[in-house]
Amino acid sequence: MAKGFLILMAGSILVGIGINLFFVPHQFLDGGMIGIGLIFHYWFGFKSGLTIILLSIPLYLIAFFKDRSLFYNSIHGLWMSSFMIDFFYQWHDLYLIPPLLSSFTGGTFVGVGIGLMLRADSATGGTDLLAQLIGKSFGFNVGKLIFAIDSMVVLIGWSIIGTESFLYSLFAISTVGFFTTILTHDKDSDGDIPFAK
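Reading the values: rules and limits
- Residues numbered from 1 in each chain as written.
- Predicted model: local features only at pLDDT ≥ 70, side-chain atom pairs only at ≥ 80, totals over all residues.
- Heavy atoms only, no water.
- Phe/Tyr/Trp six-rings, centres within 6.5 Å; stacked < 30°, edge-to-face > 60°.
- Helix = DSSP H or I, 4+ residues; strand = E, 2+ residues; numbered from the N terminus.
- Buried < 20%, exposed > 50% of the residue type's maximum accessible area, 1.4 Å probe, protein only.
- Axes fitted to C-alpha atoms, helices over the stretch in contact; angles between N-to-C directions.
- Parallel < 35°, antiparallel > 145°, perpendicular 65-115°, else oblique.
- Contact = heavy atoms within 4.5 Å.
- Nonpolar A, V, L, I, M, F, W, Y, C, P; charged D, E, K, R; others polar.
- Core = buried A, V, L, I, M, F, W, Y, C linked by side-chain atoms within 4.5 Å.

Further remarks concern the packing of aromatic side chains. The geometry of an aromatic ring pair comes down to the distance between the two centres and the angle between the two planes. This model, assessed by the stated rule, comprises 21 aromatic pairs. Taking the centre distance of 5.5 Å and the plane angle of 35 degrees together, the rings of Phe-22 and Phe-109 count as tilted. Highlighted residues: Phe-22 in helix H1 (residues 2-23) and Phe-109 in helix H5 (residues 99-119), separated in sequence by 87 residues. Here Phe-22 falls in the buried class, since its relative accessible area comes to 6%. Looking at Phe-109, the relative accessible area reads 26%, which means it is partly exposed. Considering the side-chain rings of Phe-44 and Phe-46, the 5.3 Å spacing of their centres and the 25 degrees angle between planes classify their relative orientation as stacked. On the basis of relative accessible area, Phe-44 is assigned to the partly exposed category, the value being 46%. An aromatic cluster of three or more residues is present, and its members are Tyr-60, Phe-64, Phe-65, Phe-71 and Tyr-72.

It is worth spelling out the packing of helix H3 (residues 48-66) against helix H4 (residues 68-87) at this point. Across the interface, H3 lies against H4 with an axial gap of 10 Å and an inter-helix angle of 180 degrees. When the axis of H3 is compared with that of H4, the two are roughly antiparallel. In this structure, H3 contributes Ser-48, Gly-49, Leu-50, Ile-52, Ile-53, Ser-56, Tyr-60, Ala-63, Phe-64 and Lys-66 to the contact, and H4 contributes Arg-68, Phe-71, Tyr-72, Ser-74, Ile-75, Leu-78, Trp-79, Ser-82, Ile-85 and Asp-86. Along the lines of polarity and charge, the residues of the contact of H3 with H4 split into 12 nonpolar, five polar and three charged.

One finds Ile-19, Phe-23, Leu-29, Ile-34, Leu-38 and Ile-114 to be the most contacted residues of the largest nonpolar core, which totals 43 residues. Of all elements in the fold, only H1, helix H2 (32-44), H3, H4, H5, helix H6 (126-138), helix H7 (142-161) and helix H8 (163-184) reach the threshold of two or more residues within this core. Here Ile-19 is in contact with Val-24, Asp-30, Ile-34, Leu-38, Ile-85 and Val-110, once residues within four sequence places are set aside.

Right under this line is the structure:
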């Protein structure tokens, strides 16, 4: 249990750093619920982490009735990652690196962070949870499902962030998807992750 919590904490910290130090300065988007939280931040000035929590509530209600163990495991990931995203925001303008390097570095941080959380049988928010539910039900790779959802969110955010940031965001979520897939590739057919036991 302590090992799972440490993995969850490490993953959440990596996500918080990746989002705020590398995505936010250039107005890049991630996908999924984090991307939606960033869209609300860029457009309305809302706190991304708080937005993620509020918008994840309906999907967590579904998980509560469909997969109670996944709900209990993932709720910690939602709170922890959302807290870290809002916590690390205070350093979003600490330094600025070139957009291409920022999209790759941020994507690496976020991808490894989400991958670690998934290996701890947790999730960062609603769409990651949705991907886990689908993966467990149909045996699909969770990383690939997250990549598909992420792409849709970035397409929706295109008009808000502009074409240049959109293209860098595509590269960033490709990096996120790559590292998440690497860390979840050994899922068995019923969706369990042996490492996370």
